[in-house]
Amino acid sequence: MPFPLVIAGVAQSSYRRSGHRESRLEDLIFETCSAALDDAGLARDEVDSVVIAASDHVDGRCISSMLTANAAGAYCNDEIKAADEGAFALVLAALRLLTGHFRTSLVASWSKPSESPYALGQNLAADPFYHQPFGLNHVVGSALMASAYRHRFGAADDAAARVVVKNRAHGRNNPLVEEVRAVELQEVLASPYAAYPLHALEVAPEADGAAALVLATEERTRDLDARPVYLRGMGWATESYYLGERELWRFAALERAARRAYEAADIGDPAGAFDLAEVCDATAYHELLACEALGFCQPGAAVDLARSGTTAIGGRLPVNPSGGCLSAYPVFSAGLTRVAEACLQLQGRAGARQVAGARTALAHGCAGYAGQSHAVFVLSGDRQ
Amino acid sequence: MTVTTAIIGVGQTPYRFQTPELTWPELAQEAARRALEHARLGVDDIDAVVLGLAPSALVGVNEAEKWAAPAVGAAGKPYLRVNTGGATGGSAAQAGYYHVASGLFKTVLVVCADKVAESPDAQHVLNAPWDPLYEKDVTLNAINMCAFQAVRHMHKYGTTERQLASVAVRSRSNGARNPLAHLRRPVTLEEVLDSRYICYPLKLADCCPRSSGACAVVLASAEVAARQCARPAWIRGLSACTNTYYMGDRMGPGAELDHGDCDDLALAARRAYEMAGIRDPRREVSLAEIYAPFTSTEIAAVEALGFCAKGEGGRLAEAGAWDMGGELPVNPSGGTLCANPISATALVRVAEAALQVMGEAGERQVPGARVAVATGVGGSLQFHTCLVLAVER
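None of these values were measured; they are calculated from a predicted model.

(A) Looking closely at the pairing of strand S4 (residues 104-111) of chain A. All names here are of chain A. Extensive coverage of S4 is indicated by the burial of eight of its eight residues. Here S4 shows no split at all, with Thr104, Leu106, Ala108 and Trp110 on one side and Ser105, Val107, Ser109 and Ser111 on the other all buried. Relative to S4, strand S2 (residues 49-53) runs parallel, the two sharing five bridges. When the bridges of S4 are listed, valine 50 appears paired with leucine 106. In terms of strand pairing, S4 meets strand S7 (residues 209-216) through eight bridges, oriented antiparallel. Within the sheet, the bridge partner assigned to leucine 106 lies in S7 and is valine 214.

Written as structure tokens, this is what we have:
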């Protein structure tokens, strides 16, 4: 068995919807990466790998790692950058360690959307011939997904809105998230459409932030003084870019990714296996589709999870106890933030948002229009 | 632990100035198709896909890997993108290696494609990485950044413009034998020396062209390689090294790694050689495919790879040590000076090195090639990748 690997250090910046205006991007990265090394009790030269994930257009420079890699401690180290969602930095770092050539990797991702026109950048990610001109972007893609989901399952108006109410209530317990106002169901439903049928409050608000981890082999962590979190399995997958080729009411790629992760972690019944999940809720519908693809419930039944309180803190399977992206969405690095939050839960370090007795958690990252691409991790405080 | 990994298939499109008849995903797909055919595999036999795309601004579509996912056979599969600037192709090959060597996957497709000359001006795009307050306005770009390196090498070691020119003469002579090369017309020493200055000391013929094209390789575990391929190119060593962004920090009393040399590449090479068990690279390496977008870059890289001492690279280049038939052929494909589809270029080096150890390099074959080195360089000459491929496992 190649797994488990060990997460030996965790750090996050605060997540600010109003922007980290007093910090340059490289300061935000440096402080977060330094804190992750401190958390693991390691110096910069004690890691033999650095893996980062970031987006040129969010960072506002092409080949942005020219500047940012060294802020992430890569100087003279073996560093590689995933130009992909933050979760993929952890994927690549884990692969590196599993080759046996590396023992300890710093893993980092960040986003500072306050300094970039994110919606425009997301429009410019579309096929330039057919899709850019009609205004496809992340919100429009998600709206098409939401429509397909509602049509398929006859989901009512309140289905996704309840996820917003829940996650924002959770977010109020998370001191890393810039204070978020609690909302009532009616307020969500009364908010204007961002793109039908998505209400503005159902779309995650962009926030500046960074997350960093130290990933190590088990053998390496024997001499580290940390409460280890075991990475017991991971999976990732994409599907077609073309929305017309996909069943937009489901996250087919996440189903595949989860199958791979569960197989590695020997999880037979995902609905009963986790004490909490941190999933990418780029829109409220993302959480519904993710819960179904992850096997927490049957297709179409995620609505009931939100309605019954199952996914609220205190419920059977709290989803996004951190408040999720719906409280603060560090657009490109959200997946690594989800992992960091899951780690804090498993270490009992989650403060007011702590899920009591959490031993096993799932973390998920997602990118592309309507959830084209996914990565999922099974994390545990226990080795097996 | 480590699963022994090989390259069992290589696919390249011809490299040209522009390919207006193909979209960027179609271009990537063409290389992928050729690599699969070479590996005698179908797309369903591939377990995971890695895409290498450097600044997507050259292609003009953000996160264009998402757009290309179905074209490169990634739909329904594990898929991710890497970007380390010019080193992207080397990083993509290394990422592909991690997939297989980790034991999680048996066959992985690595694809890189670029359309450099279909942006309004590549050097406008390559001005965009620099500091917006201090550096962009002085029109810093890939050419003058490398010219600084060249000047420093000349200052430190007395390297001459004639020695630089000899690198172009050899590369273009090699490129004439490579049917895929973008520039296939040989040049004389006089022609190079008489070509106009682009940025002192680099003249037009010292510089790479802007190319469109794609490259793909199939990596496989030893078990699959033995079944699919009579003579796989075994990956024996690999490493990467990231240097500081600031070129000024690579000069002067406090500098650890000098901008005039490729000390960062030397660090990566040392780790890759150690993994491959290579002690005397000049004797043990049969050929090298070096990512050198300018003649001067190759001279410093040859030194960093341990083929000669620092400062000797220019003299030995002029003396023909790295010619075909010379002591250690460098860039038998014609190298980056004959084609530079930026995102793909470092993977082209890996692909060409693989073809050499597979004995399938055609007219550009180095007879009896046993061990080949492939490098990539990106950023402010700051990201370096190095792979060692060999006939023996």
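(B) Broad picture of the interface of chain B and chain A. Contact with chain B, which involves 59 residues of that partner, is made by 59 residues of chain A. Taken over both partners, the interface formed by chain B and chain A buries close to 4800 Å², and the fraction arising from carbon and sulfur atoms is 61%. Per-residue buried area on chain B facing chain A is highest for B:Lys66, B:Trp67 and B:Tyr98; these three make up 15% of the total on that side. Across the chain B-chain A interface, the total number found is three salt bridges. With its nearest N and O atoms 3.1 Å apart, the salt bridge here joins A:Asp84 to B:Lys66. If one sorts the elements of the side of chain B that touches chain A by residue count, helix H3 (residues 88-101) of chain B sits on top with six residues. Its residues assigned to classes, the side of chain B that touches chain A comprises 33 nonpolar, 18 polar and eight charged.

(C) Fine view of the packing of helix H6 (residues 161-175) of chain B against helix H11 (residues 295-304) of chain B. Residues and elements named next belong to chain B. Taken N-terminus to C-terminus, the directions of H6 and H11 make an angle of 95°; their axes are 8 Å apart at the nearest point. The angle between the axes of H6 and H11 places the two elements in the roughly perpendicular class. Listed contacts from H11 to Gln163, Leu164, Val167, Ala168, Arg170 and Ser171 of H6 are Thr295, Ser296, Glu298 and Ile299. Here the residues of the contact of H6 with H11 sort into four nonpolar, four polar and two charged.

(D) Quick look at the environment of B:Glu21. All names here are of chain B. On the secondary structure map, glutamate 21 appears in the loop between strand S1 (5-12) and helix H1 (24-38). C-alpha of glutamate 21 to C-alpha of cysteine 208: the two residues are 187 residues apart in sequence and 23 Å apart in space. Setting aside anything within four residues of it in sequence, one finds glutamate 21 in contact with Arg16 and Glu26. Reaching out from glutamate 21, the side chain makes a polar contact with the side chain of arginine 16 at a distance of 2.8 Å.

(E) Spotlight on the packing of aromatic side chains. Enumeration over the complete set of coordinates arrives at 17 aromatic pairs over all chains. The interplanar angle of 90° and the centroid separation of 6.1 Å between the aromatic rings of A:Phe102 and B:Tyr98 together place this pair among those described as edge-to-face. With one member in each of two chains, A:Phe102 in the loop between helix H4 (87-98) and S4 and B:Tyr98 in helix H3 form a pair that bridges those chains. When its relative accessible area of 1% is taken as the criterion, B:Tyr98 is described as buried. With centroids separated by 5.7 Å and ring planes inclined at 45°, the aromatic side chains of B:Tyr197 and B:Tyr200 adopt a geometry described as tilted. Residue B:Tyr197 is classed as partly exposed on the basis of its relative accessible area of 44%.

What counts and how
Residues numbered from 1 in each chain as written. Chains lettered and ligands numbered in written order. Predicted model: local features only at pLDDT ≥ 70, side-chain atom pairs only at ≥ 80, totals over all residues. Heavy atoms only, no water. Buried < 20%, exposed > 50% of the residue type's maximum accessible area, 1.4 Å probe, protein only. Helix = DSSP H or I, 4+ residues; strand = E, 2+ residues; numbered from the N terminus. Pairing = 2+ DSSP bridges. Contact = heavy atoms within 4.5 Å. Buried area = accessible area lost by both parts, 1.4 Å probe. Salt bridge = Lys/Arg side-chain N within 4 Å of Asp/Glu carboxyl O. Nonpolar A, V, L, I, M, F, W, Y, C, P; charged D, E, K, R; others polar. Axes fitted to C-alpha atoms, helices over the stretch in contact; angles between N-to-C directions. Parallel < 35°, antiparallel > 145°, perpendicular 65-115°, else oblique. Polar contact = N/O pair within 3.5 Å; in protein donor to acceptor, adjacent residues only side chain to side chain. Phe/Tyr/Trp six-rings, centres within 6.5 Å; stacked < 30°, edge-to-face > 60°.

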